[in-house]
Amino acid sequence: MPSSLVDGNSLLAVDVGAANTRAVLFDVVESEYRFIASGIAPSTAEAPFKDIGEGARQAIGNLQALLGRSLLDAHGNLITPGQPNGSGVDALVVTISAGATIRAVIVGLLKDVSLESARRLTESTYARIVETIGMNDLRKPEQQIDSIIRMRPDLLVITGGTDGGASRSIKKLLEPVGLASFLLPSEKRPAVLFAGNEKIGDEVRDMFGPLTASLHLSPNVRPSLETEDLEPAQRELAHMLISIRKHQLKGVELLDQWSGGHILPTAYATGRMVRFLAKVYGVKKGILAVDIGASAATISAGFKDKSTLNVYPQFGLGENLAGLLNYTSLEDIMRWSPLDISSGVLRDYLYQKSLYPAAIAATREDLAISQAVTRQALYLAMQSARRDFPRNIATIKQNLTPLFEPILAGGGALSDASRPGQGLLLLLDSLQPVGVTTVILDQNNLLPLLGAAASQNNILPVQVLESGAFLSVGTVVSPVVSAKYGTLILRGKLTYENGVESRVELKYGSLETLPLQNGEAGKLSIQCLHGADVGFGPGRGGTIPVSGGALGVVFDGRGRPLDLPADAVRRRELIKKWNWTIGGE
Amino acid sequence: MQAPVNHIVGLTSIVRERLLPVSGTVVVRLNQKVSPNDVIAEVNWPREHVLLDVARILQVSPAAADRLIKIKVDDRVPANTEVAVGKGLFPRSVRTPREGRVAVVGGGQILLEIGDPKMELRAGLPGTVVEIVPNRGAIIQTAGALVQGVWGNGRIDTGSLINIAEGPDGVLAASRLDVSLRGSILLAGMVKDADVLKAAAELPVRGLILSSLYPSLIPLAREMRYPIMVTEGFGSLPMNSAAYKLLSTNAKRDVTVNAEVYDRYSGARPEAVILLPTFSDPPAPHEAEEFSPGLQVRMRRPPAMGMIGSIVSLPRGMTTLPSGLRAPAAEVKLENGETVIAPLINLEVVG
């Protein structure tokens, strides 16, 4: 069992998703860490297998078949460390997003203060808030008790009070919560995370210690009224999630042993990587990573002073899909479809797909529906996550997506986009980036795996990121402007390294591209018309260096927020045209 | 690649582990014969409480209130029982608003459990208890025909199976339900109207086995007191031919519908069991199979969703699908003679 990944050369990383399990090998090639290959297999958390270790072994087995080298021994155990004959690996890290959504009750004092922090904390993992207990709750204590019992939570997140501040109110709130825990059968009592006024930590220990096998105390998420610090509590919550999964899913314990405890929730690992990148690259704009798969939609954003992590199981494309209509309408989903599909067919799709979360689109119609659903789910996730972005960040307009560089996107749903253009258009529609940004597709879902490895080996993630393991789709220019359809809003001139120039005229409502191969660089001169703003100010242009990608430089003149025609026939025609323009179809 | 199996079997051993979610009391014994509705284990799990804040009502400190409280934990108290009396010339008293059991006393408060807290676990199928799981439940075995579904409303019942479907793609209309069907379990195609579920409740029937249900009817279906099992899913989906043939050829036999809520993690699924006489235990079906040519499969997604076919070949590596996606796939010959390419992940084995 490796004790330190720093000393190891080869690193195996396994991601256990709701639908698929991936095994990815990183190794040193010419003195630098490189992504070598990945093996994939269906996840096996669900019946009849009920053991995530099976899926992990199959994925590793598929990887070793690709590599032509043994990673598992004859008994199906991981060979560690790497052997002189080339078999085995030096270290393993694991990320996991599989498992039923965690049911959480949050407790805090004020709606806009500690309860808001409790919500943000709980939303940083695969949890759904099923009950909220706060000071302004007018229900009787027994109603609160009965509600908690009825909800059968897996997790209690308790916040409230500033450090050294008043403690009476929070103690009063804890009485019904403690009673409810006591009244639940001992094997159903929730894990408890206390992240409130540190002064009452001992009393919380006294109250909940005898009631739960999993009581965790972390530094206060609101040490003062003006300060919020979620990171220590998020770290604690990540470890709690793994503990909960160990009880729920067979095989987690095995992977924990194999990895020497280097096992993290996938979303937390992604968030860690984004924080790491924001610190390493000291960004002026934010760094955005999105992941949409069967278990959840995850939005992780890194800014200069703060990072945010939001996990939305309700916008996942798996078993929770039938509940998507609690957050949106059929019409809002159908607006993204290039095909004329009835609302009945769409409703049936949502319910039927929730029965078979791992199923993929085999027909063109199914793909059109699936991508329309993905767009709306990611759109909703982004709109929700924006509420938690800091205020003092770079934006063009307050109510729009802030400025990001780059945007990294992964997850099963984006892997399902068969061409990079399909994936890019999906991201442009749902995230609606503004200004100039690079869009990178994480086709092998490496980002969380690098995040899992980052705390142990901070060289590996940087070297792998810079090695071309991610697919740069291109540089996207998205002006913010208000104009009539067809109005010229931007002129662009791309000067290649060999001096050759290409020009583009962007009209409102259209998409345009200029070719720039992956690995190539150029200078892009932008002239903004009609007050269009790409980050230089309204109507102001400039010249910037740009790097190439699968689609080169993409100009999105469709307006922000995206302005889709109300007329369905016209809208579908336009969507088909946009698909054609950027190579999706 | 391993595939999940949807059981549609004419004669098989059926072994089911039936467990309480928490520790309780098992009330059956080894080798006992059980009917589907027999209680095999039970547990007290109170859901409703009343909190009496004695200290506040009597306007005394919590410690003083504790001394005034006349009842103790586990006492059963009728409604309007005096549980604490204050002091003074005109002492106030505290009475129970409802009948209940004392769950907690302390801090100047009394917490009462209200109502029947008993949670009962039923056998779910007719059979014999072959193993007791201490404090949790039992393993029950039987033999017969088995058809599994994809959605259930959580109810269990047994009755004579009557086929009123005009075929696998029949649609059930409320007008089709008459008094002759009272007390039966109906094999009945698709349901699109709330009136059908309500009319079935009014008869009442003992259960419905449906091919599909409109999603908008799910909340109503959950409220129905009789079991509803759906074999294919939601919308307008005909019943797969294997399930329809097996069920329709067993019409007039007794069928048990355990419309258990589908739990993808535990593997609990709604299922219909038809007891059949056997001389020895038939083999139990496999829970997973390796995909191979000749295997009978069911299409879980388009194209041909719900249709049964057999695997003709398994192309090596990844196959490009009509959608443009690439995935491990199989060439499947459908029962209508058509051959399609389907990703393996969209297939389940029937057997």
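Counting from 1, residues in each chain are numbered in the order their sequence is written. Here the convention is simple: chains get letters from A, ligands get numbers from 1, in the order in which they are written. Under the rules for a predicted model, residues below a pLDDT of 70 receive no local features and side-chain atom pairs below 80 are neither given nor counted, while totals for whole chains, interfaces and linings still include all residues.

(A) Layout of the overall build of chain B. For chain B, the helix and strand inventory stands at five helices and 30 strands. C-alpha atoms define the radius of gyration in this analysis, and the globule rule sets the expected value at 2.2 Å times the number of residues to the power 0.38. Its C-alpha radius of gyration of 27 Å places chain B more than 25% over the 20 Å reference for a compact globule of 351 residues. Referenced to the eigenvectors of the C-alpha coordinate spread, the extents of chain B come out at roughly 95 × 50 × 45 Å. Here a residue counts as buried when 20 or more other C-beta atoms sit within 10 Å of its C-beta, as exposed when there are 12 or fewer, and as partly exposed otherwise, the C-beta atoms being derived from the backbone. Out of the 351 residues belonging to chain B, those deemed buried represent 44%. Secondary structure elements follow DSSP: runs of H or I no shorter than four residues count as helices, runs of E no shorter than two count as strands, and numbering proceeds from the N terminus.

(B) Broad picture of the sheet that holds strand β1 (residues 11-16) of chain A. Residues and elements named next belong to chain A. Strands sit in the order β3-β2-β1-β4-β10 across an open sheet of five strands; the sheet is mixed. The sheet is open, and its two edges are formed by β3 (32-42) and β10 (263-265), each paired on a single side. Across the sheet, the mean angle from the axis of one strand to that of its neighbour is 20°, orientation sign disregarded. For two strands to be treated as a pair, DSSP must find no fewer than two bridges joining them. The sheet contact formed by strand β2 (residues 20-29) and β3 spans ten bridges and is antiparallel. Looking at the pairing, R22 lines up with I40 of β3. Helix α6 (residues 231-248) rests against β4 (91-96) and β10 of the sheet, and its axis sits at about 100° to β10. Note on contacts: residues are paired as contacts if their backbone-placed C-beta atoms lie within 7 Å. Note on method: axes are straight lines fitted to C-alpha atoms, helices fitted across the in-contact stretch only, with angles between N-to-C directions ranging 0 to 180 degrees. Against the sheet, helix α14 (residues 447-454) makes contact with β1, β2, β4 and β10, and its axis sits at roughly 125° relative to β4, the strand it touches most.

(C) Main features of the nonpolar core. Joined through C-beta atoms within 7 Å, a set of buried Ala, Val, Leu, Ile, Met, Phe, Trp, Tyr and Cys residues constitutes a nonpolar core. Within the largest apolar cluster, 282 residues are counted, with the highest numbers of intra-cluster contacts made by A13, V14, L193 and L450 of chain A together with I209 and L210 of chain B. With ten residues, the single largest contributor to this core is helix α11 (residues 364-386) of chain A. If we skip the residues at most four places from it in the chain, I209 of chain B touches I185, L186, L187, A188, M229, T231, L247, V257 and A272 of chain B.

(D) Region of the structure containing unusual backbone geometry. Residue P48 of chain A follows A47 of chain A across a cis peptide bond; omega there is 5°. The phi torsion at R152 of chain A lies on the positive side, around 45°, for a residue other than glycine. Take R152 of chain A: it is sitting in the loop between α3 (141-151) and β7 (155-158). The class of R152 of chain A is partly exposed, set by 15 C-beta atoms lying within 10 Å. Positioned with a positive phi, D74 of chain B is a non-glycine residue whose angle comes to about 85°.

(E) Geometry of the pairing of strand β14 (residues 137-148) of chain B. All names here are of chain B. Extensive coverage of β14 is indicated by the burial of ten of its twelve residues. Strand direction decides the pairing type here: strand β2 (residues 8-19) and β14, joined by ten bridges, are antiparallel. Across the sheet, the residue bridging to L19 is G137, located in β14. Here strand β13 (residues 127-133) pairs with β14 via five bridges, running antiparallel. By the bridge assignment, V129 is partnered in β14 with I140.

(F) Seen up close, the interface of chain A and chain B. Facing the 38 residues of chain A at the interface are 38 residues of chain B. Contributions of two or more residues to the side of chain A that touches chain B are made by α3, α4 (168-183), α10 (343-355) and α11 of chain A. Of all the elements, α3 of chain A adds the most residues to the side of chain A that touches chain B, at six residues. For this classification, the nonpolar set comprises Ala, Val, Leu, Ile, Met, Phe, Trp, Tyr, Cys and Pro, the charged set comprises Asp, Glu, Lys and Arg, and every other residue, Gly included, is treated as polar. Here the residues of the side of chain A that touches chain B are counted per class, giving 21 nonpolar, three polar and 14 charged.

(G) Layout of helix α5 (residues 201-208) of chain A. Residues and elements named next belong to chain A. Along α5, the residues classified as buried are V204, M207 and F208. The arc enclosing the buried residues of α5, seen along the axis, measures out at 80°, which places them on a common side. For α5, the exposed residues set more than 90 degrees away from the buried face come down to D202 and D206. Tucked inside the fold, the buried residues of α5 contact α4, β8 (191-194) and β9 (215-217). When we speak of the arc, we mean the arc of directions from the helix axis to the C-beta atoms.

(H) Just the sheet that holds β9 of chain A, in detail. Residue and element names in this part refer to chain A. If you walk across this open sheet you meet the five strands as β6-β5-β7-β8-β9, and the pairing is parallel. With one partner strand each, in any of the chains shown, β6 (127-133) and β9 form the two edges of the open sheet. Averaged over all neighbouring strand pairs, the angle between strand axes comes to 20°, with direction disregarded. The pairing of strand β5 (residues 102-107) with β6 spans six bridges and is parallel. Pairing of A104 across the sheet is with I129, part of β6.

(I) Quick look at the domain arrangement of chain A. All names here are of chain A. Looking at chain A, the domain boundaries give domain 1 (11-98 + 252-261), domain 2 (102-247) and domain 3 (266-312 + 390-581). Look at where the C-alpha atoms of domain 1 and domain 3 centre, and you get two points 31 Å apart. At five residues, β3 tops the list of elements feeding residues into the side of domain 1 that touches domain 3. Either an automatic procedure or a domain database provided the assignment from which the domain bounds are taken.

(J) The arrangement of the confidence of the model for chain B in detail. The predicted model of chain B has a mean per-residue pLDDT of 95, with 100% of residues at 70 or higher. ipTM for the predicted complex: 0.92, alongside a pTM of 0.94. pLDDT expresses how confident the predictor is about each individual residue, on a scale running from 0 to 100.

(K) Focus on the packing of α11 of chain A against helix α13 (residues 420-431) of chain A. Residue and element names in this part refer to chain A. In the contact formed by α11 and α13, the axes pass within 8 Å of each other and the chain directions differ by 40°. It follows from the interaxial angle that α11 and α13 lie oblique. The two elements α11 and α13 meet at a crossing, and its hand is right-handed. When α11 is examined against α13, the residues Q371, T374, R375, L378, Y379 and M382 are found in contact with a partner set consisting of L426, D429, S430 and L431. Classifying every residue of the contact of α11 with α13 gives five nonpolar, three polar and two charged. For this classification, under 35 degrees means roughly parallel, over 145 means roughly antiparallel, 65 to 115 means roughly perpendicular, and everything else is oblique. The sense of a crossing depends on the near helix, which, turned anticlockwise from the far helix by less than a right angle, makes the crossing left-handed and, turned clockwise, makes it right-handed.

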